Amino acid sequence: MASLIIQRIGAATSFDTNNNFDRRSLSGRKSGFLVVRSDGAKITTGLKPIGSRTHHLVTNAVATKPGNSAASTASKSGHEILLFDALREGLEEEMDRDARVCVMGEDVGHYGGSYKVTKGLAPKYGDLRVLDTPIAENAFTGMGIGAAMTGLRPIIEGMNMGFLLLAFNQISNNCGMLHYTSGGQFKIPVVIRGPGGVGRQLGAEHSQRLESYFQSIPGIQMVACSTPYNAKGLMKAAIRSDNPVILFEHVLLYNLKETIPDEEYVLNLEEAEMVRPGQHVTILTYSRMRYHVMQAAKTLVNKGYDPEVIDIRSLKPFDLHMIGNSVKKTHRVLIVEECMRTGGIGASLTAAINENFQDYLDAPIVCLSSQDVPTPYAGTLEEWTVVQPPQIVAAVEQLCK
Amino acid sequence: MTIWLAVTRGANYRTKTLISTAFRSLRTSLTTFASGDAREGTSRKPAYMSSGTYYRSSHFGASEARQQVNHFSSDDEEDKSQVLDFPGGPVPYTDEMRFLPGSSEKRVQCYRVLDDEGYPLSSTQFQHVRKEVAVKMYSGMVTLQAMDTVIYEAQRQGRISFYMTSYGEEAVNLGSVAALSDDDIVLPQYREPGVMLWRGFELQQFVDQFFGNKNDIGKGRQMPTHYGSNKHNVLTISAPLATQLPQAVGAAYSLKMDKKDACVVTYFGDGCSSEGDFHASLNFAAVMEVPIVYICRNNGWAISTPVTEQFRIDGIVVKGQAYGIQSIRVDGNDVLAVYNAVRAAREIAIKEQRPILIEALTYRVGHHSTSDDSTKYRPVDEIEHWKTARNPVSIFRKWIQRSGWWSDKEESEFRANIRKQVIHAVQVAEKTEKAPIGNIFSDVYEKLPKNLMEQEKLLKETVKRYPRDFPNAPL
């Protein structure tokens, strides 16, 4: 199971040792197994890749900077980094760039944050810019909003996303609203971030998927990071945005390793990421489920399917442009999410696609989500509340019949 | 200068007797409580609480405890073996099992400058105000009353949907804001329009906000009396209670970072002090050491809940001590007392970068809002008493006229004039076009996103297609 965490997005022809992959069948594949990285950076793993190529094509440049095409960055050197460190790097770069950026939350200062995202920042920027707060989520979220209204750009860290339920009043009634109700006089450029999602036996209260509760709030933007590359890029973009942004991280993805570019880059908050282009079916996913999908994709490719995998990244608003183009191409949609069935991101995405691309669908949209239950503690039970690769494979097979 | 020093010293003296944040003083006051209990010494109290009968550890028969506890004298702090080395400082042990009382015997005293007839108390230390300030405060209070009267009537006539009056609290409104500088950031609750008035928000702007027309500074989005103006350093009011309190800490934190010579002032009511955000905010402010003045308008009522059902303690002033915040109680119907207290509090807050809590005792003469009829839950003569005998405007009027800065003639002229101005503002606001449909969608985000653009287009098309169903729709 541990390998799930360090599983790569999928380098060109390399394999995971714990995958029952039939190597011989690779030669019979219709299309090359290409994993697209927007910057084309090589993904370093411990495994020696088998097969000719380890580089891969890059499609649409998701980065906002034009001309930052993957081809050019592929040749430049990058540095290997873990996801939590990529977040920290993005944070540090923005704090260097703009003196108004500050961090507040529990244990973010000298402790460095529960997931080490703010490690080393307090000694560098001082206790005032990296502020340890008492334990009152609604209070420090409100504090961040008040500071934002008077000129600062705070990043509010929830130790676990579930705790931010205590801050719902401030987030919904004030964060999302005050720019509007003040007639545009006050802006709230806050970033609210923290780890969420189902972890390893963290218990129901620490396994919340808050994106389903927050998605309705007008005035906020929501993004979910899934790789070190997009984590850093989204962090920077969220800080620079004048809108309040909620950045969803995942407890199990903090130790993902990847090589990211040395030079500065900022991603677009509203764009999705093409993980693997394909022809047969569009699989929409985000955060940790991306890795389950990619694992399933290997099996699917082996069985002769060509799934197109898109990491939607932007949970509010949806990137209906990329999603729409994909639906128009494949005509079949599978959504794989970690949210509960009722009222999750998948539910909204299903509605949005049905509304906008009804004519292009050859089959009803299938949405795989967690059941409508609190996450149980026992390891096996917990595993079965989360969508697993075999279910994804079965769903695609069913969809493509 | 000397009078001002007297105020500071006086304030400090008072705050020392009222509360103290130093550990030593806290301990002293504890022993005061203890001796107070000793004097009481009734048989009703349990054995360990009555005078002279201290609870001995031998009752437990625990020899271990016996060894640790010696005859600990309350003045003997220097004996290091009798202290517990605990995070935050040494804690002296005691062999007495004594519970701190839940409340003090006496209520916290209330600072006032003028008596009910508007005469300055002989021994009060206060700073004299200049004529301009006094007249501006008084005319602000009268304007506030006039606006309340006219707009309340307008609501009753169905011309606007909702309003909240500030009757009875004019002194808290004007006395406090007069003591601030224009750089001080204010986060009101919803019953402090005097703050905006003082800082130059026009009558017409107020009324435009009530009507939600196209000139409304809030673009027709917030309910009446929930305004804000960044030009006047007043942050837009949000309806849920106490949300402004943690935000005030954030704003003060921002001032602290910029090292500005300004503070944050935030208002809230007695009912609001029950909200979790109130407690968290005070705690945060004390821990962060930010320049913030909390002003509580304890007006006795939270809609229909009287303070006796809101908390079980002597008001809000004693709560500051729980968080390490210097606090003072003032007569909220005495403009000069409020002015002086806020003035002093502001100085301390900025110079020492710490929060201050002011509880202004006043009374909500009007209803909670136009959706409320307070005669249903409180006696009419109680309302009448505060409306007449303790009316802040008439008390101050007596003082200002006696000072030779106001007269009966000016009073009647001013009242007639201001009433005319408010009515005129209402007439203008009524005729002004309502806020445009585009205001529904703009400012949700920094830039109008695609989905909202589509929704706006859809709505505008619908309005155009069915003009009879959407009369007077301002496109």
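Residues numbered from 1 in each chain as written. Chains lettered and ligands numbered in written order. Predicted model: local features only at pLDDT ≥ 70, side-chain atom pairs only at ≥ 80, totals over all residues. Heavy atoms only, no water.

1. Some words on the overall build of chain A
Move 1: Helices and strands together make up the secondary structure of chain A, namely 14 helices and 14 strands.
Move 2: In chain A, once contacts between residues fewer than 6 apart in sequence are set aside, the share between residues at least 24 apart is 81%.
Move 3: In the structure as shown, chain A presents an accessible area of about 14,300 Å², 53% of it carried by carbon and sulfur atoms. (Helix = DSSP H or I, 4+ residues; strand = E, 2+ residues; numbered from the N terminus. Contact = heavy atoms within 4.5 Å. Areas by Shrake-Rupley, 256 points an atom, 1.4 Å probe, with all protein chains shown as cover.)

2. Topic: the interface of chain B and chain A
Move 1: Each partner contributes to the interface: chain B provides 38 residues, whereas chain A provides 41 residues.
Move 2: When chain B packs against chain A, close to 3,400 Å² is buried across both sides, 63% of that on carbon and sulfur atoms.
Move 3: Three residues, Tyr253(B), Phe284(B) and Tyr445(B), lead the burial of chain B against chain A; their summed loss comes to 20% of the area buried on that side.
Move 4: The interface formed by chain B and chain A includes 15 residue pairs in polar contact (both at pLDDT 80 or more).
Move 5: Elements supplying a minimum of two residues to the side of chain B that touches chain A: α8 (244-258) and α9 (276-288) of chain B. (Buried area = accessible area lost by both parts, 1.4 Å probe. Polar contact = N/O pair within 3.5 Å; in protein donor to acceptor, adjacent residues only side chain to side chain.)

3. Observations concerning the nonpolar core
Move 1: Grouped together as the largest cluster of nonpolar side chains are 84 residues, with contacts concentrated most on Ile353(A) and Tyr253(B).
Move 2: The element contributing the most residues to this core is α8(B), with 8 residues.
Move 3: Other than its neighbours up to four places away in sequence, Ile353(A) contacts Leu284(A), Ile323(A), Val327(A), Val333(A), Gln358(A), Leu361(A) and Ile365(A).
Move 4: The next biggest cluster of nonpolar side chains, apart from the first, holds 74 residues, and it includes Met141(B), Phe210(B), Ala345(B) and Ala349(B). (Core = buried A, V, L, I, M, F, W, Y, C linked by side-chain atoms within 4.5 Å. Buried < 20%, exposed > 50% of the residue type's maximum accessible area, 1.4 Å probe, protein only.)

4. Describing unusual backbone geometry
Residues and elements named next belong to chain A.
Move 1: In this model, Lys316 is joined to Pro317 through a cis peptide bond whose omega is 5°.
Move 2: The residue Pro317 is located in the loop between β12 (314-316) and α11 (320-330) in this model.
Move 3: Even without being glycine, Arg313 reaches a positive phi, approximately 55°.
Move 4: Here Arg313 lies in the loop between β11 (307-311) and β12.

5. A closer look at the packing of α11(A) against helix α12 (residues 345-357) of chain A
All names here are of chain A.
Move 1: Contact pair α11 / α12: the axes reach a minimum separation of 11 Å and the direction vectors enclose 65°. The two elements α11 and α12 cross, and the hand of that crossing is right-handed. Mapping the contact onto sequence places Leu320, Ile323, Gly324, Val327 and Lys328 in α11 and Leu349, Ala352, Ile353, Asn356 and Phe357 in α12.
Move 2: Among the residues making up the contact of α11 with α12, the classes are represented as 7 nonpolar, 2 polar and 1 charged. (Axes fitted to C-alpha atoms, helices over the stretch in contact; angles between N-to-C directions. Left-handed = near helix turned anticlockwise from the far one by under 90°. Nonpolar A, V, L, I, M, F, W, Y, C, P; charged D, E, K, R; others polar.)

6. Description of the side chain of Asn333(B)
Residues and elements named next belong to chain B.
Move 1: Of note, Asn333 is situated in the loop between β8 (326-331) and α11 (335-352).
Move 2: One polar contact links Asn333 to Thr362, side chain to side chain, over a distance of 2.7 Å.
Move 3: Leave out the neighbours within four places in its chain, and Asn333 touches Gly168, Ala171, Leu361, Thr362, Tyr363, Trp386, Arg390, Pro392 and Ile395.

7. Quick look at the packing of aromatic side chains
Move 1: For the structure on display, the rule yields 18 aromatic pairs over all chains.
Move 2: The rings of Tyr138(B), Phe396(B), Trp399(B), Trp405(B), Trp406(B) and Phe414(B) are connected pair by pair, giving a single aromatic cluster.
Move 3: Here Lys136(B) stacks its cationic end above the ring of Trp198(B), 4.2 Å away from the centre of that ring.
Move 4: Positioned over the ring face of Tyr180(A) is Arg221(B), at 4.3 Å from the centre of the ring. (Phe/Tyr/Trp six-rings, centres within 6.5 Å; stacked < 30°, edge-to-face > 60°. Lys NZ or Arg CZ within 6 Å of the ring centre and 35° of its normal.)

8. Brief notes about a nonpolar patch on the surface
Move 1: Residues Leu84(B), Phe86(B), Val91(B) and Tyr93(B) make up a contiguous nonpolar surface patch of roughly 330 Å² in combined accessible area.
Move 2: For Leu84(B), the position within the fold is in strand β1 (residues 83-86). (Patch = residues over 30% accessible without salt bridge, like charges linked within 9 Å, V, L, I, M, F, W, Y side chains within 5 Å. Salt bridge = Lys/Arg side-chain N within 4 Å of Asp/Glu carboxyl O.)

9. As for the state of the cysteines
Move 1: Summed over all chains, the structure comprises 0 disulfides over all chains.
Move 2: Just so you know, Cys102(A) is unpaired, no disulfide at all, and the nearest cysteine sulfur is the one on Cys175(A), 14 Å from it. (Disulfide = S-S within 2.5 Å.)

10. Thoughts on the pairing of β11(A)
Residues and elements named next belong to chain A.
Move 1: Taken across its 5 residues, β11 has 5 buried, putting it largely inside the fold.
Move 2: Alignment of strand β9 (residues 273-276) against β11, held across 3 bridges, turns out to be antiparallel. Bridge pairing in β11 links Glu273 to Asp311.
Move 3: Of the pairings in the sheet, the one linking strand β10 (residues 281-285) to β11 comprises 5 bridges and is parallel in character. What sits directly across from Ile283, in β11, is Val309. (Pairing = 2+ DSSP bridges.)

11. Quick word on the confidence of the model for chain A
If pLDDT is low for a region, its predicted coordinates should not be looked at in detail.
Move 1: Scored by pLDDT, chain A has a mean of 84; 81% of the residues are at 70 or more.
Move 2: Throughout residues 1-75 of chain A the model reports pLDDT below 50, and contacts reaching past four residues in sequence, or to other chains, amount to 132 contacts. (pLDDT = per-residue confidence, 0-100.)

12. Quick look at the sheet that holds β8(B)
Residues and elements named next belong to chain B.
Move 1: The strand order across the open sheet formed by 5 strands is β3-β4-β5-β9-β8, and the pairing between neighbours is parallel. The two strands at the open ends of the sheet, each matched to only one other strand, are β3 (185-187) and β8. The sheet shows a mean angle of 20° between the axes of neighbouring strands, direction not considered.
Move 2: As paired elements, strand β4 (residues 264-269) and strand β5 (residues 292-298) share 6 bridges and run parallel to each other. The partner of Val265 across the bridge, within β5, is Val293.

13. What about the pattern of salt bridges?
Move 1: This structure, assessed with the given rule, holds 51 salt bridges over all chains.
Move 2: Measuring nitrogen to oxygen at the nearest pair gives 3.2 Å for the salt bridge that ties Lys187(A) to Asp242(A). With Lys187(A) in the loop between α7 (178-181) and β5 (191-196) and Asp242(A) in the loop between α9 (228-240) and β7 (245-250), this residue pair connects regions lying 55 residues apart in the sequence.
Move 3: For the salt bridge of Arg98(B) with Glu96(B), the shortest nitrogen-to-oxygen distance reads 3.5 Å.
Move 4: Given a relative accessible area of 27%, Glu96(B) falls into the partly exposed group.
Move 5: Taken together, the shared-partner salt bridges connect Glu89(A), Glu93(A), Glu94(A), Arg97(A), Lys232(A), Lys236(A), Arg240(A) and Glu264(A) into one network.

14. Brief notes about the side chain of Ser166(B)
Residue and element names in this part refer to chain B.
Move 1: Structurally, the position occupied by Ser166 is in the loop between α4 (131-156) and α5 (170-178).
Move 2: Judged by its relative accessible area of 1%, Ser166 is buried.
Move 3: Excluding anything up to four places from it in sequence, Ser166 contacts Leu144, Asp148, Arg191 and Pro193.

15. Quick word on helix α13 (residues 392-402) of chain B
Residues and elements named next belong to chain B.
Move 1: Among the residues of α13, those classed as buried are Pro392, Val393, Ile395, Phe396, Trp399 and Ile400. Projected onto a plane normal to the axis of α13, the buried residues spread over an arc of 160° and lie on a single side.
Move 2: Residues of α13 that are buried in the fold lie against α4, α5, α11 and α14 (408-431).
Move 3: N-capping of α13 is provided by Asn391, with a side-chain oxygen placed 2.9 Å from the backbone N of Val393.
Move 4: Within two residues after α13, Gly404 carries a phi angle of roughly 80°, on the positive side. (Arc of directions from axis to C-beta.)

16. Structural notes on the sheet that holds β9(A)
Residues and elements named next belong to chain A.
Move 1: Strand order in the open sheet made by the 5 strands is β9-β11-β10-β13-β14, with mixed pairing throughout. Single-partner strands in this sheet number two, and they are β9 and β14 (366-370). Going from strand to strand, the sheet's axes swing by 25° on average, the running direction of each strand aside.
Move 2: With 4 bridges connecting them, strand β13 (residues 333-340) and β14 associate as parallel partners. Looking across to β14, one finds that Leu334 is bridged to Val366.

17. Looking at α14(B)
All names here are of chain B.
Move 1: Compared with an ideal rise of 1.5 Å per residue, which puts 24 residues at 34 Å, α14 spans 35 Å between its outermost C-alpha atoms and is within 8% of the ideal.
Move 2: When α14 is considered as a whole, its buried residues turn out to be Glu411, Ile418, Val422, Ala425, Val426 and Ala429.
Move 3: Contacts from the buried residues of α14 go to α4, α7 (203-211) and α13. (Expected span 1.5 Å × (residues − 1).)

18. Describing the pairing of β13(A)
Residues in a regular strand point their side chains to alternate faces of the sheet.
Residues and elements named next belong to chain A.
Move 1: Counting buried positions along β13 gives 8 out of 8 residues, so the element sits mostly inside the fold.
Move 2: Relative to β13, β10 runs parallel, the two being bridged by 4 bridges. Among the inter-strand pairings, Leu284 is bridged to a residue of β13, identified as Ile335.
Move 3: Read from β13 through α12 to β14, the crossover connection turns out right-handed. (Right-handed = clockwise from strand over helix to strand, strands pointing away.)

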